[in-house]
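So the chains spell out like this:
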Amino acid sequence: MTKNDGNANKKLKIAIIHPDLGIGGAERLIVDAAVQLASHGHSVHLFTSHHDKNRCFEETVAGPFSVKVYDQVSVVIPLLKLKRSTKILFYCHFPDLLLAQHTTTLRRIYRCPIDMIEETTTGMADLILVNSKYTASVFATTFRRIHSRGIRPAVLYPAVNVEQFDGPCTYKLNFLSVNRFERKKNLQLAISAFAFLRSFGSAPPSYAEATLTIAGGYDKRLKENVEYLDELKRLAEVEGVSEHVEFVTSCPTAERNKLLSECIAVLYTPKDEHFGIVPLEAMAGSKPVIACNSGGPLETIKHDVTGFLCEPTPFEFAQAMSKLLTDPEMAVRMGSSKITTGSDRDLVLIHRYSG
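Residues numbered from 1 in each chain as written. Predicted model: local features only at pLDDT ≥ 70, side-chain atom pairs only at ≥ 80, totals over all residues. Heavy atoms only, no water.

## So, the overall build of the chain
Part 1 of the reasoning: The secondary structure content of the chain amounts to 16 helices and 12 strands.
Part 2 of the reasoning: For a compact globule of 355 residues, the expected C-alpha radius of gyration is about 20 Å, and the chain comes in at 21 Å, within 12% of that figure.
Part 3 of the reasoning: Split into buried and exposed, the 355 residues of the chain put 46% on the buried side.
Part 4 of the reasoning: For the chain, the proportion of contacts with a sequence separation of at least 24, taken over those separated by at least 6, is 69%.
Part 5 of the reasoning: Here the chain displays about 17,500 Å² of accessible surface, and carbon together with sulfur accounts for 56% of that area.
Part 6 of the reasoning: The chain carries 41 positive and 39 negative side-chain charges, and their two centres are separated by 8 Å. (Helix = DSSP H or I, 4+ residues; strand = E, 2+ residues; numbered from the N terminus. Rg over C-alpha atoms; globule rule 2.2 N^0.38 Å. Buried < 20%, exposed > 50% of the residue type's maximum accessible area, 1.4 Å probe, protein only. Contact = heavy atoms within 4.5 Å. Areas by Shrake-Rupley, 256 points an atom, 1.4 Å probe, with all protein chains shown as cover. Lys, Arg positive; Asp, Glu negative; His and termini not counted. Charge placed at Lys NZ, Arg CZ, Asp CG, Glu CD.)

Structure representation (structure tokens):
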């Protein structure tokens, strides 16, 4: 990014470097940032290592910025700094070295120089941001050398475009889970909790009418996505709820928003999630969220007000789901909960962050 030289009106040349530009919370943030920067007249170029035009956000295909594919790693930071006028902002969604496997001696030996390069080059950025207080704490314990130098990343929460949720809002008896089909997203919790819910004795008729939709990013070139979807379908059969569970893979934004506008609540199942954009989208869409009581959701969901923070067990999730089915107006109350000053819907997001 070129230096501003103190002129607030100067148009900038901005390069955004991001890994696989697929469908996820991190990608949503990057795309929204690029769109907003371009709308202010800046020249934006997005560089990524993979961009599948059949599995991406629509703006990356026909948006106001260019997308260029090339192989890239964090080592580009010192290369970019060779140009003195360039300023580097490093946004850490989560340390890469914690996402890589270190399970065997050989893997640890292989990763050692890569991990050192990641920490060293990350520390060379002019400004480091993280997506939550939780990630900030993980950053400090992971990059100890950076921390010892007194470098403290600032927290910049992701945001959502609330205008996309301005359409009709209903509360059908459908619980919605939105996440990529990856095992770390713990989607089996949603299925097991839904099965537990249907097993409650002397339940009202609404329990039998309730359904579950699991929608999210799916890439058939990724072995884990394919295997995990099959595992989830088998689990639904074993739990006896397959006829009441629908799987939607890689649905476009419009379809995702329609599902969200019609559900009774959103189930967010990852444990120790770095931040979690889905709870924000759900609350911006006036829907309560049932999430694990760890990680980013602790900073965005107000327990018993905008949703429920639960232990990651089928029983606790089912109990929260049961409350919404027993009291149909509860979902409406929770979904409409926001600060009382002002009428701008953007204030919804401020309320969620305030805790």
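## Re the pairing of strand β11 (residues 289-292)
Part 1 of the reasoning: As paired strands, strand β10 (residues 265-268) and β11 are joined by 3 bridges and run parallel to one another. Bridge pairing in β11 places L267 opposite I290.
Part 2 of the reasoning: With respect to chirality, the unit in which β10 leads through helix α12 (residues 277-284) into the neighbouring parallel β11 is right-handed.
Part 3 of the reasoning: Relative to strand β12 (residues 307-310), β11 runs parallel, the two being bridged by 4 bridges. If you follow I290 over to β12, its bridge partner there is F308. (Pairing = 2+ DSSP bridges. Right-handed = clockwise from strand over helix to strand, strands pointing away.)

## Description of the pattern of salt bridges
Part 1 of the reasoning: According to the stated counting rule, one finds 16 salt bridges in the structure shown.
Part 2 of the reasoning: Linking R28 and D32 is a salt bridge whose minimum nitrogen-to-oxygen distance equals 2.8 Å. Of the two residues, R28 and D32 both sit in helix α1 (residues 25-39), 4 residues apart, roughly one turn of that helix.
Part 3 of the reasoning: Put simply, R183, K223, E224, E227 and E231 are held in one network by salt bridges that share partners. (Salt bridge = Lys/Arg side-chain N within 4 Å of Asp/Glu carboxyl O.)

## Quick word on the confidence of the model for the chain
Part 1 of the reasoning: Across the chain, pLDDT averages 85, with 90% of residues at or above 70.
Part 2 of the reasoning: Long-range and interchain partners of residues 1-5, a stretch whose pLDDT sits below 50, account for 16 contacts in this model, where long-range means more than four residues apart.
Part 3 of the reasoning: Under a pLDDT of 50 for its full length, residues 339-355 has, in the predicted model, 36 contacts with residues more than four places off or in other chains. (pLDDT = per-residue confidence, 0-100.)

## With respect to the nonpolar core
Part 1 of the reasoning: F175, L212, I290 and L324 are the most contacted members of the largest nonpolar core, which has 38 residues in total.
Part 2 of the reasoning: In terms of residue count, helix α8 (residues 188-198) provides more of this core than any other element does, 7 residues in total.
Part 3 of the reasoning: Once you skip the residues sitting within four places of it in the chain, F175 turns out to touch L197, A210, T211, L212, T213, I264, A265, L267, M321, L324 and L325.
Part 4 of the reasoning: With 24 residues, the next largest nonpolar core counts L260, V278, L280 and M283 among its residues. (Core = buried A, V, L, I, M, F, W, Y, C linked by side-chain atoms within 4.5 Å.)

## What to know about the packing of helix α14 (residues 314-326) against helix α15 (residues 328-335)
Part 1 of the reasoning: For the pair α14 and α15, the least separation of the axes is 4 Å and the interaxial angle reads 105°. If you check the angle between α14 and α15, you find them roughly perpendicular. Residues K323, L324, L325 and T326 of α14 lie in contact with α15, whose contacting residues are P328, M330, A331 and M334.
Part 2 of the reasoning: Split by residue class, the contact of α14 with α15 holds 6 nonpolar, 1 polar and 1 charged. (Axes fitted to C-alpha atoms, helices over the stretch in contact; angles between N-to-C directions. Parallel < 35°, antiparallel > 145°, perpendicular 65-115°, else oblique. Nonpolar A, V, L, I, M, F, W, Y, C, P; charged D, E, K, R; others polar.)

## Focus: the packing of aromatic side chains
Centre distance and the angle of the planes are the two values used to describe a pair of aromatic rings.
Part 1 of the reasoning: Throughout the structure, instances matching the rule amount to 7 aromatic pairs.
Part 2 of the reasoning: Between F181 and Y218 the ring centres are 6.0 Å apart and the planes differ by 85°, which places this aromatic pair in the edge-to-face class. Residue F181 is found in the loop between β7 (174-178) and α8, and its partner Y218 is found in the loop between β8 (211-216) and α10 (223-238); the two are separated by 37 residues along the sequence.
Part 3 of the reasoning: Of the residues examined, F181 reaches a relative accessible area of 0% and is grouped as buried.
Part 4 of the reasoning: Through pairs of rings, three or more aromatic residues link up here, namely F196, F200, Y207 and F315.
Part 5 of the reasoning: Directly above the aromatic system of F57 lies the positively charged group of R28, at a separation of 4.4 Å from the ring centroid. (Phe/Tyr/Trp six-rings, centres within 6.5 Å; stacked < 30°, edge-to-face > 60°. Lys NZ or Arg CZ within 6 Å of the ring centre and 35° of its normal.)

## Comments concerning the side chain of R256
Part 1 of the reasoning: Counting through the fold element by element, R256 comes out in helix α11 (residues 253-262).
Part 2 of the reasoning: In contact with R256, other than residues within four places in its own chain, are Q164, V178, C251 and E281.

## With respect to the sheet that holds β11
Part 1 of the reasoning: The strand order across the open sheet built from 6 strands is β9-β8-β7-β10-β11-β12, with neighbouring strands paired in parallel fashion. On the outer flanks of this sheet lie β9 (245-249) and β12, each paired with one strand and no other. Adjacent strand axes in the sheet meet at a mean angle of 20° when their direction is disregarded.
Part 2 of the reasoning: Together, β7, β8, β9, β10 and β11 form the strand contacts of α8, whose direction differs from that of β8 by roughly 175°.
Part 3 of the reasoning: Docked against the sheet, α11 engages β7, β8 and β9, running at close to 140° with respect to β7.

## Focus on the side chain of N174
Part 1 of the reasoning: With respect to the helices, strands and loops of the structure, N174 is situated in strand β7.
Part 2 of the reasoning: A polar contact of 3.5 Å, which involves the side chain of N174, links it to the backbone nitrogen of L212.
Part 3 of the reasoning: Within the local environment of N174, its side chain forms a polar contact with the side chain of T213, the two groups lying 3.2 Å apart.
Part 4 of the reasoning: Setting aside chain neighbours within four positions, we find N174 in contact with T211, L212, T213, C263, I264 and A265. (Polar contact = N/O pair within 3.5 Å; in protein donor to acceptor, adjacent residues only side chain to side chain.)

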